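Spelled out, the chains give:
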Amino acid sequence: MASTSSSRYAKHRRIGEDEEVEEEEEEAEEELGRFDDFTIASSWERFISEIEAICRQWLADGPKILMQKGAESVPSFENLYMIKRELKHGKRVYSMEYHFMKSAKGKNTYWDDDTHSMQLSFGVDEFLMIAPLSASGVVLDDPESTKLLSSVAIALSNCGSNWPAFVPVHDPSRKAYIGIQNLGTVFTRRFEADRIGSQVPIRLMHLEGLHDLFLSKFVLSSTDFPARVKVHFSMKLTYRTPEYDYDNETLDSEATESLTENEVASHPRKQWDDDCPWAEWYSAEDPVKGFELTAIWGERTFEETLEMAEVENASSFDADGWFLHPVVSQYMVDDSIGKFVGFASQLHLLVNAYESSAEAQFLEDFVTDTSGQDNSKSTATVPPPSVIDRVMKDLFSDEAGNSNYMEAENKYSRAMRGAPADSLFGQFCLHSLWFGNCNIRAIAVLWIDFVREIRWCWEESERLPRMKSSSSIDLSSCLIHQKLQMLAICIERKKSLNREKGAGHKDETSNTMAVNKTRKGSAGVVPKMMLLNTKQEMHAPYTQDAPLMTEDMHEERLHAAEAFGNAIGLSGQLERDILSSDMSAFKAANPDAVFEDFIRWHSPGDWVSQDKADGNSGWPPKGKLSQRMSEHGNMWRKIWNDAPPLPVSEQKSLLDPVREGEKVLHYLETLRPHQLLEQMVCTAFKSSADILNKTTYGGFKLMKTKMDQLYATLASTLKSLQGNSDMSDLAGDLKRLCQVFEHIEKLLILAASIHRKLIDAPRLAQAIFADYFNYYLPKMGSTLESICYEKEFTTKEKVGMHERDAVSNLFPPPTANQSWRKVLSMGNLLNGHEPMQREIIFSVQERISNGHYSSPTPLCTVDEQIQTHRMYISGTSNDLWVALSVTSWD
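Residues numbered from 1 in each chain as written. Predicted model: local features only at pLDDT ≥ 70, side-chain atom pairs only at ≥ 80, totals over all residues. Heavy atoms only, no water.

### Considerations on the overall build of the protein chain
- If you tally the helices and strands in the protein chain, you get 28 helices and 18 strands.
- Split into buried and exposed, the 890 residues of the protein chain put 47% on the buried side.
- Considering only intrachain contacts with a sequence separation of at least 6, the fraction spanning at least 24 residues in the protein chain is 74%. (Helix = DSSP H or I, 4+ residues; strand = E, 2+ residues; numbered from the N terminus. Buried < 20%, exposed > 50% of the residue type's maximum accessible area, 1.4 Å probe, protein only. Contact = heavy atoms within 4.5 Å.)

### Structural notes on the confidence of the model for the protein chain
- The predicted model of the protein chain has a mean per-residue pLDDT of 79, with 74% of residues at 70 or higher.
- Of all the helices and strands in the protein chain, helix H7 (residues 253–257) carries the lowest mean pLDDT, 41, while helix H15 (residues 424–433) carries the highest, 96.
- This stretch, residues 566–570, has a pLDDT under 50; its non-local contacts, to residues over four places away or in other chains, come to 14 contacts.
- This stretch, residues 853–862, has a pLDDT under 50; its non-local contacts, to residues over four places away or in other chains, come to 16 contacts. (pLDDT = per-residue confidence, 0-100.)

### With respect to the pairing of strand S11 (residues 522–530)
- In this sheet, strand S12 (residues 537–541) lies alongside S11 in antiparallel orientation, the contact comprising 4 bridges. Bridge assignment links Ser-522 to a residue of S12, and that residue is Pro-541.
- The antiparallel hairpin formed by S11 and S12 contains 6 residues in its connecting segment, where Lys-535 sits at a positive phi of about 55°. (Pairing = 2+ DSSP bridges.)

### Focus on the nonpolar core
- Core analysis: the largest hydrophobic core is formed by 156 residues, its most contacted members being Phe-425, Trp-447, Phe-450 and Phe-685.
- Dropping the residues within four chain positions of it, Phe-450 is found in contact with Met-392, Leu-395, Phe-396, Leu-424, Phe-428 and Leu-484.
- Judged by nonpolar contacts, the second largest core, of 22 residues, contains Ile-48, Leu-66, Val-152 and Ala-155. (Core = buried A, V, L, I, M, F, W, Y, C linked by side-chain atoms within 4.5 Å.)

### A few points about the side chain of Glu-660
- Within the fold, Glu-660 resides in helix H23 (residues 657–669).
- Discounting chain neighbours no more than four positions away, the residues touching Glu-660 are Cys-490, Met-553 and Leu-655.

### Quick notes on the pairing of strand S17 (residues 865–876)
- S17 sits mainly inside the fold: 9 of its 12 residues count as buried.
- Taken together, the 10 bridges between strand S16 (residues 837–847) and S17 define a ladder with antiparallel strand orientation. Residue pairing for S17: Gln-845 is matched across the bridge by Gln-867.

### Overview of the packing of helix H24 (residues 673–693) against helix H25 (residues 701–718)
- Running from N to C, H24 and H25 point in directions that differ by 175°, and their axes come no closer than 11 Å. Considered as vectors, H24 and H25 are oriented roughly antiparallel to each other. Across the interface between the two elements, Val-681, Cys-682, Phe-685, Ala-689, Asp-690 and Asn-693 of H24 pack against Met-707, Leu-710, Tyr-711, Leu-714 and Leu-718 of H25.
- Residue composition of the contact of H24 with H25, by class: 9 nonpolar, 1 polar and 1 charged. (Axes fitted to C-alpha atoms, helices over the stretch in contact; angles between N-to-C directions. Parallel < 35°, antiparallel > 145°, perpendicular 65-115°, else oblique. Nonpolar A, V, L, I, M, F, W, Y, C, P; charged D, E, K, R; others polar.)

### So, the packing of aromatic side chains
- Applying the stated criterion to the full structure yields 34 aromatic pairs.
- Positioned above the aromatic ring of Tyr-667 is the side chain of Lys-483, whose terminal nitrogen or guanidinium carbon lies 5.2 Å from the ring centre. (Phe/Tyr/Trp six-rings, centres within 6.5 Å; stacked < 30°, edge-to-face > 60°. Lys NZ or Arg CZ within 6 Å of the ring centre and 35° of its normal.)

### Some thoughts on the pattern of salt bridges
- All chains considered together, the criterion is met by 29 salt bridges.
- In this structure, the salt-bridge partner of Asp-320 is Arg-300, at a minimum N-O distance of 3.2 Å. With Asp-320 in the loop between helix H9 (306–312) and strand S10 (321–328) and Arg-300 in strand S9 (residues 288–302), this pair connects stretches of sequence that are 20 residues apart.
- Asp-733 is the salt-bridge partner of Arg-736, the closest N and O atoms lying 2.7 Å from each other. On the criterion of helical spacing, the pair formed by Arg-736 and Asp-733 is a turn pair, its members being 3 residues apart in helix H26 (residues 727–757).
- Arg-736 sits in the partly exposed class, given a relative accessible area of 34%.
- Owing to a relative accessible area of 32%, Asp-733 belongs among the partly exposed residues under this scheme.
- Overlapping salt bridges bring together Arg-455, Glu-459, Glu-662 and Glu-669 as one network. (Salt bridge = Lys/Arg side-chain N within 4 Å of Asp/Glu carboxyl O.)

### Examining the side chain of His-431
- Among the structural elements, His-431 can be located in helix H15.
- On the accessibility criterion, His-431 (10% relative accessible area) is buried.
- One polar contact links His-431 to Asp-394, side chain to side chain, over a distance of 2.6 Å.
- For His-431, the contacting residues outside a window of four places in its chain are Trp-281, Val-391, Asp-394 and Leu-395. (Polar contact = N/O pair within 3.5 Å; in protein donor to acceptor, adjacent residues only side chain to side chain.)

### Section: unusual backbone geometry
- Even without a glycine there, the phi angle at Asn-437 is positive, about 55°.
- Among the structural elements, Asn-437 can be located in the loop between H15 and helix H16 (440–459).
- Exposure remark for Asn-437: the relative accessible area of 57% places this residue in the exposed category.
- The phi torsion at Lys-528 lies on the positive side, around 60°, for a residue other than glycine.
- If you trace the backbone, Lys-528 turns up in strand S11.

### Quick notes on helix H11 (residues 343–356)
- Here H11 spans 20 Å end to end across 14 residues, near enough to the 20 Å set by a 1.5 Å rise per residue.
- Inspection of H11 places Phe-343, Ala-344, Ser-345, Gln-346, Leu-347, Leu-350, Val-351, Ala-353, Tyr-354 and Ser-356 among the buried residues, and these make up the whole buried set.
- Those residues of H11 hidden inside the fold are in contact with helix H12 (364–367), H15, H16, H24 and H26. (Expected span 1.5 Å × (residues − 1).)

### Quick word on the environment of Leu-347
- Take Leu-347: it is sitting in helix H11.
- Sequence spacing of Leu-347 and Phe-741 is 394 residues, and the spatial spacing of their C-alpha atoms is 9.1 Å.
- If we ignore the near neighbours within four places in the chain, the residues touching Leu-347 are Leu-433, Ala-684, Phe-685, Ser-688, Cys-738 and Phe-741.

### Focus on the environment of Phe-323
- As for its position among the elements, Phe-323 is in strand S10.
- For Phe-323, a relative accessible area of 25% gives the class partly exposed.
- Expressed as a C-alpha distance, the spacing of Phe-323 and Thr-294, which sit 29 residues apart in the sequence, is 5.0 Å.
- Setting aside residues no more than four positions away along its own chain, Phe-323 makes contact with Glu-292, Leu-293, Thr-294, Ile-296, Lys-796, Glu-797, Lys-798 and Val-799.

### A short note on the state of the cysteines
- Under the definition given, this model contains 0 disulfides.
- The cysteine Cys-682 is free of any disulfide, with Cys-478 supplying the nearest cysteine sulfur at 7.8 Å.
- Judged by its relative accessible area of 4%, Cys-682 is buried. (Disulfide = S-S within 2.5 Å.)

### As for the environment of Tyr-94
- Looking at the element boundaries, Tyr-94 is found in strand S3 (residues 92–101).
- The buried category is assigned to Tyr-94, whose relative accessible area is 4%.

Okay, structure coming up:
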């Protein structure tokens, strides 16, 4: 008999001598209170009396009071509760558990997931279990088995009419001892159970034989039943999808005919996530190992055994209800940190490297030989040079081309201060996650080689791969990415200068005093403005773009303005060069212009108008320069006098590519370890999230909400890296962020797997994901402790009639190579697959007032029906469990 024993819930504790003495004293007081004479009672009689007393108390309390006294909810069951007591007999300690329902169970609900195996087997709502309090919960020998059964039977019979149907049942599979109870009836119920563990007779593999088995259990005379007995029948079939064979899909028979044995062996294996965004970095275990489909036939009535054959040959599509349950991988249930290998696990290693980055002033300190030193960096492994070369080849490959930058479509993306995932630095960070276990020494080695390759690109004027062809710098990204953008632009400018020198290009700025009255570089007429001296239309010139600057250059410029600012507002040579360029361009577009014309166009606030308010002004317009522009020795006027009239096309660029390029290389080569790791952490988190965010998962609303929450959490946490927060506080926050990242990464992979498997049933896919999401949500805490839940994910989702075809596609017909499937033993096949488990309930019902169950004394005012015979059958061709309950009036 296969059932759940109390050993599953038993807790082991040792009973000390003091506790034994105290319990014996309490028992003595209780016994004296009942005036029972135990002077000649044996230990077995005392054991029976103790069982009886406990049962009487439980019955008197009832479910409501028992729950107040600390009854526990049975794991995996919402409506089932349990209260237990420990008893001692001789040298053995036993645990007795009473299982009861919080609320009454409705009719015909035994197929739901909230039904205990004992309830399902015997059709009862409440039951008692007694078993040894030991690690295995097994009885050692048959005498002990008999003693336990007899003790419970006598104790329950002594309870009188309150426990008329409480009979112990022996479970031979686990050697536990179980009492079954069905309160509220006045009939005696007899229970039997048996199990065939192997070599099930062929007759019992089919519904006809099982139906005959049920009829054979009618122990009453044939005169009490009509010739054709109306047997109520209900069935539940559980199918399991076969494991998907990716190898067979990769190489079919025709494709392998032309390949040698070695070529077939070396052929890359196809994985379920080959086309997923994360597949470039790791292959995730499929979180959905398969599906279990439950097909339920509601209660039907049959009178002949031959009708069973029709049911067995019926299609599973004829079932009244289909319910689908995903079989998830164990790593999706066990949420211990570090067991799942993905971006989150590697980010955790990167955070550890960030913690240790403060140990040295220079990255070279982590690379030098530290043998003999008791230092964490000395034990960190570094992959061989061949691996480093492969990484560098991948990063600087010509195939990388100009990146389009994979940016996340999220408002928090720019707040993370990282680099785009497919930019050069973004790819460096992602490669670092999977390089040398992401320790600080491996990162240092990789960074030094990375910078060496960048210097080679600079010296050879080779384009930097994975960098966008743009003349702007993204100041919202991390500083390293900004520097690489600056270097990429400098390389292009440097190449352009070299081409011009090679072509003998003449420097147009050599003759600084040359005057050319021809208008050049005009961008168009300025509305309602004319030159003061000639009354000609004023033309706006094309001007050079603002000089490219990275974030640190802007900060230097701001500090310079604060330290050296003067009355004319110039902080240094850069501002003078910009102003001179604008003046030269204005002169080229307006050959007859004067200084006042430039001020009116470039800095209107420095021209004080004296025209009348009515707008009827004469010519020339009345006005004057502001005080700061009219002061003696004004620098703006001096620059105006020295600026030649040159359009932008003939001017020298404001950016010196050689000087700025060398500055960038100096920054990269002298970068402090903690500065590098700080920017790597931001970029790695952002890039990893962006990659995951590209996953197609059917637009599940709950998943999209979680991804938005992830970006918000990343932005708020990584923002602290931009300040001067304490390293230990930051490391703790980042480790908690890794845990949050892991939870969402696992959910996202699950969503992708469910979506692609049920792509033709989107409603069902979203409902199944929502079920798992609600199950997993309590696990998504913020603590770093490992929390393992015993509760399994068992929720099933009902399949709509229009979704059955899509679900049946999960069961492809067996291939020719799967010859074992040709040996079938049961019916009700689904696309050639037999059920992994078949459960059946046969029953015969009769009214209380009729036949054998009638009584001259009315026992019930309602003419209700009772199940006189009930048989529960569960199993396959190799395993069969049968439980019988018979009700009679004694």
